[in-house]
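Architecture and fold: a report
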Amino acid sequence: MSPRAAADLDRVGGGRLRRWLVRVAAAMALLLTLALAAGWFWLDRSAPRHAGRLVLDGLAAPVDIVRDGDGVPQIFAASAADAYFAQGFAHAQDRFAQMDGMRMVARGRLAELVGRGGLASDRFMRGMGLAGRADAARNALSPEGRAALEAYASGVNAFLARSGTALPLELRLSGRIPEPWEPSDSLLWGELMALYLSGNWRDELARLRLSAAGHDPRLLALRWPDWRGDGATSLAPGGAAWDPVAIGRALAALPALP
């Protein structure tokens, strides 16, 4: 074979290789595009729909949910019941993953989501009995109050039951299928907030320990102001509680807020 013939064969082989590589690259680009499109569609299904018209069971009359430039819903309804229903639906659209996670924590069921890492939180919450308190609060409400909670819960459940609605991304990734929203689930928010806003036990004991050690009360007041409007909000100085050993034991015995 002559040198020229050998060179021609090299060019032919190189051209075929280049064409094959171009086809492979094009196929890979197409597959990547299709994968990205499928992923975007999967993620987009979890995004709330803030435009359009829906037909939902549970409303007595049409309701308008208008969102401002920041996405905050404004509800226009012919009755209070319809307004509460629409509020529950709008909340579930935007924040149901947070709502569901909150009630799982408050009811002492966090381990169902995160495994053994949630057991300490669950023991604490079940010991506090927030779920029982929420149920008792619901039973103590006026008929109007219970009706409002029930209408709100119906709106949340309308979101969950609506045909074609995809669950929030967090729930889809976890594989959790949430239970219907109960009226007492809404009251758990108040119970949980009351717990967090009153859970400064360690701060109170730390302030007491520093006071017992003789630190300047004026400096301590900069960090922990003394609320004199209610004698129960701060530990009073003096007495057996000033014993450093007792304070240390109390600090060690306190559970951590979840």
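Not measured: the values here are computed from a predicted model.

Our focus in this paragraph is the overall build of the protein. Within the protein one finds eleven helices and two strands. Reading the protein from its N end, one meets helices and strands in the order α-β-β-α-α-α-α-α-α-α-α-α-α. Relative to its 258 residues, the protein shows a buried fraction of 25%. For the protein, restricting intrachain contacts to residue pairs at least 6 apart in sequence, the fraction spanning at least 24 positions comes to 67%. Of the accessible surface of the protein, which amounts to about 16800 Å², a share of 61% is contributed by carbon and sulfur atoms.

Counting residues in each nonpolar core, the largest one holds 24 residues, and the members touching the most others are Phe 96, Met 125, Val 156 and Trp 181. Considering each element in turn, this core owes the most residues, eight residues, to helix H2 (residues 80-106).

Moving on: the pairing of strand E1 (residues 64-67). Here four bridges tie E1 to strand E2 (residues 73-76), and the two strands are oriented antiparallel to one another. Bridge pairing in E2 places Val 66 opposite Gln 74. If you look at the hairpin formed by E1 and E2, you'll find five residues sitting between the two strands, and Gly 71 has a positive phi there, around 80 degrees.

Tracing the sequence through the fold places Phe 124 in helix H4 (residues 119-128). C-alpha separation for the pair Phe 124 and Val 105, spaced 19 residues apart in sequence, amounts to 10.0 Å.

Running from N to C, helix H6 (residues 143-161) and helix H8 (residues 183-197) cross one another at 105 degrees; their axes reach a closest spacing of 8 Å. In this view, H6 runs roughly perpendicular relative to H8, as classed from their interaxial angle. Listed contacts from H8 to Leu 149, Glu 150, Tyr 152 and Ala 153 of H6 are Pro 183, Ser 186 and Leu 187. Considering only residue class, the contact of H6 with H8 consists of five nonpolar, one polar and one charged.

Turning our eyes to something else, we now look at helix H5 (residues 130-140). Considered for burial, the residues of H5 that qualify are Leu 130, Ala 131 and Ala 134. Buried residues in H5, looked at end-on, bunch into an arc of 105 degrees, giving them a common side. Facing away from the buried side of H5, by more than 90 degrees, are the exposed residues Arg 133, Asn 139 and Ala 140. Close packing links the buried residues of H5 with H2, H4 and H8.

Looking at the protein, pLDDT values average 79 and 74% of them are 70 or higher. The secondary structure element of the protein with the lowest average pLDDT is helix H1 (residues 3-44), at 62, and the one with the highest is H6, at 94.

As a further point, take a nonpolar patch on the surface. Residues Trp 189, Met 193 and Leu 197 make up a contiguous nonpolar surface patch of roughly 320 Å² in combined accessible area. On the secondary structure map, Trp 189 appears in helix H8.

Summed over all chains, the structure comprises nine salt bridges. The partner of Arg 67 in a salt bridge is Asp 94, with the nearest N and O atoms 2.8 Å apart. Pair noted here: Arg 67 is in strand E1 and Asp 94 is in helix H2, with a separation of 27 residues, a long-range link. Classification of Arg 67 as buried rests on a relative accessible area of 17%. Using a relative accessible area of 35% as the deciding quantity, one classes Asp 94 as partly exposed. Notably, a salt bridge pairs Glu 179 with Arg 176, separated by 2.7 Å at the nearest N-O pair. Given the relative accessible area of 30%, Glu 179 is considered partly exposed. Within this structure, Asp 100, Arg 103, Arg 107, Arg 109, Glu 112, Arg 176, Glu 179 and Asp 185 form a network of salt bridges that share partners.

Calculation criteria
- Residues numbered from 1 in each chain as written.
- Predicted model: local features only at pLDDT ≥ 70, side-chain atom pairs only at ≥ 80, totals over all residues.
- Heavy atoms only, no water.
- Helix = DSSP H or I, 4+ residues; strand = E, 2+ residues; numbered from the N terminus.
- Buried < 20%, exposed > 50% of the residue type's maximum accessible area, 1.4 Å probe, protein only.
- Contact = heavy atoms within 4.5 Å.
- Areas by Shrake-Rupley, 256 points an atom, 1.4 Å probe, with all protein chains shown as cover.
- Core = buried A, V, L, I, M, F, W, Y, C linked by side-chain atoms within 4.5 Å.
- Pairing = 2+ DSSP bridges.
- Axes fitted to C-alpha atoms, helices over the stretch in contact; angles between N-to-C directions.
- Parallel < 35°, antiparallel > 145°, perpendicular 65-115°, else oblique.
- Nonpolar A, V, L, I, M, F, W, Y, C, P; charged D, E, K, R; others polar.
- Arc of directions from axis to C-beta.
- pLDDT = per-residue confidence, 0-100.
- Patch = residues over 30% accessible without salt bridge, like charges linked within 9 Å, V, L, I, M, F, W, Y side chains within 5 Å.
- Salt bridge = Lys/Arg side-chain N within 4 Å of Asp/Glu carboxyl O.

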